[in-house]
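# Descriptive analysis of the structure
These are the residues of each chain, in order.
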Amino acid sequence: MTQTVPVLKPDSMAVHTTIAELRHHVSGWRRQGSTVALVPTMGALHDGHLALIRQAKKCADRVVASIFVNPTQFSVHEDLAAYPRREAEDTAVLAKAGVDALFLPSVTEMYPPDFATSVRVTGVSDGLCATARPDHFAGVALVVTKLLLQALPDFALFGEKDYQQLQVIRRLVRDLDIPVTVVGVPTVRETDGLAMSSRNAYLTSAERQIAPDLHRILDHVAARLAEGALFAELSDAATSHLLGVGFQSVDYIEFRDADDLTPLDRASRPGRLLAAARLGRTRLIDNVPVPIAR
Ligand code: PAF
């Protein structure tokens, strides 16, 4: 059966629900010599996603965004059913942002009933967020591998807010020789410093007041590390500080090598300070870069 690339007005966005349609559209662009960037999302879009789209438009001639709330990256006790779904609004936002095609697959399109394959990245997937969410990064690795092979983009863009996820994706792209350039985009923040996240919608107004302290405390610790302090001298105080301002618990606050995420005791190499802490029913994560100490 021959398919034709949909003829679209310059400002219109194609919406594809099947892998075959997506592939057909992207291969049409390729035949015309256009480059392609992919922005994978789970929807509930905010300005952080729009920063990914803006960057994608700078990288490539054509931009594909995907919205897929990926069940394999949620554990049974997590918020899959409650995860915010705003497909109609998100579609309008992406069209307005100048996305060329939206991929909106169903769960069975992505995971047919006989699906049997897993993708597991060791090393960078261990510890940090994986301690509380043991199967999360295998689910992310699987769906991102599939999306990259489905769209075959030149560039794929991910936010630095999910820094461990970004490093897992970089590792799998290198290890599996997937011909794509992974672009990490800096975290977009509210004016008070809170990292934008679809899960911020769960915060009560009292929790929303406390939430920016996560970033403030990370910034403070990062500044001390950049002055040459040892992380062991700072970590307990940072945890107490988070509990003191109203976080119920701190899953972790850790200082890691910015590339392979191995633990660092001081800023002797480019580092990343990462934390996850709980406010009511919301688990917030954030991270900041730490330059080599002067
Ligand atoms: O960061 C996200 O929104 C998701 O983990 C991703 C990369 C789209 C995979 O489902």
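Computed from a prediction, not measured in an experiment: that's the story for all the values here.

### Thoughts on helix α1 (residues 19-31)
An ideal rise of 1.5 Å per residue puts 18 Å on 13 residues; α1 measures up with 18 Å between its terminal C-alpha atoms. Buried within α1 are the following residues: I19, L22, H24, H25, V26, G28 and W29. Tucked into the core, α1 has its buried residues touching β1 (14-16), β2 (36-41), β3 (62-67), β4 (101-103), α4 (107-110) and α6 (136-151).

### Side note on the site of the ligand
The ligand sits among P40, T41, M42, N70, Q73, V143, F158, D162 and Q165. At a separation of 2.6 Å, an oxygen atom of the ligand approaches a polar side-chain atom of Q73. Between the ligand and Q165 there is a distance of 2.7 Å, counted from an oxygen atom to a side-chain nitrogen or oxygen. If the ligand stood free it would expose 290 Å²; the protein chains cover 88% of that surface. Partitioned by chemical class, the residues of the shell around the ligand number four nonpolar, four polar and one charged.

### Observations regarding the confidence of the model for the protein
In regions of low pLDDT, the predicted coordinates are not meant to be interpreted in detail. Confidence in the prediction for the protein averages 96 pLDDT; 96% of positions are at 70 or higher. Considering only residues more than four positions removed or in separate chains, one finds that residues 1-5, a stretch of pLDDT under 50, has seven contacts.

### As for the sheet that holds strand β8 (residues 271-279)
With respect to topology, three strands assemble into an open sheet ordered β7-β8-β9, the strand pairing being antiparallel. What marks the edges here is a single partner per strand, and that holds for β7 (249-257) and β9 (282-290). Taking the axes of each pair of neighbouring strands and ignoring which way they run, one obtains an average angle of 10 degrees across the sheet. Of the pairings in the sheet, the one linking β8 to β9 comprises nine bridges and is antiparallel in character.

### A word on the side chain of Q164
By the element assignment, Q164 lies in helix α7 (residues 163-175). Of the polar contacts made by the side chain of Q164, one reaches the backbone nitrogen of C129; its length is 3.0 Å. In this structure, Q164 is in contact with V124, S125, D126, G127, L128, C129, A130, F137 and L261, ignoring residues within four places of it in sequence.

### Some remarks on the sheet that holds β4
Strand order in the open sheet formed by six strands is β1-β4-β3-β2-β5-β6, and the pairing between neighbours is parallel. A single partner strand is all that each edge strand has here, and the edge strands are β1 and β6 (181-185). On average, each strand axis in the sheet is tilted by 25 degrees relative to the strand beside it, whichever way the strands run. Alignment of β1 against β4, held across three bridges, turns out to be parallel.

### Some words on the packing of α6 against α7
Two numbers describe how α6 lies on α7: the axes approach to 10 Å, and their chain directions differ by 50 degrees. By the angle between their axes, α6 is oblique relative to α7. Between α6 and α7 lies a crossing whose hand is right-handed. Judged by residue contacts, F137, V140, A141, V144, T145 and L148 of α6 engage Q164, Q165, V168, I169, L172 and V173 from α7.

Criteria and thresholds
- Residues numbered from 1 in each chain as written.
- Predicted model: local features only at pLDDT ≥ 70, side-chain atom pairs only at ≥ 80, totals over all residues.
- Heavy atoms only, no water.
- Helix = DSSP H or I, 4+ residues; strand = E, 2+ residues; numbered from the N terminus.
- Expected span 1.5 Å × (residues − 1).
- Buried < 20%, exposed > 50% of the residue type's maximum accessible area, 1.4 Å probe, protein only.
- Contact = heavy atoms within 4.5 Å.
- Near = heavy atom within 4 Å.
- Polar contact = N/O pair within 3.5 Å; in protein donor to acceptor, adjacent residues only side chain to side chain.
- Areas by Shrake-Rupley, 256 points an atom, 1.4 Å probe, with all protein chains shown as cover.
- Nonpolar A, V, L, I, M, F, W, Y, C, P; charged D, E, K, R; others polar.
- pLDDT = per-residue confidence, 0-100.
- Pairing = 2+ DSSP bridges.
- Axes fitted to C-alpha atoms, helices over the stretch in contact; angles between N-to-C directions.
- Parallel < 35°, antiparallel > 145°, perpendicular 65-115°, else oblique.
- Left-handed = near helix turned anticlockwise from the far one by under 90°.

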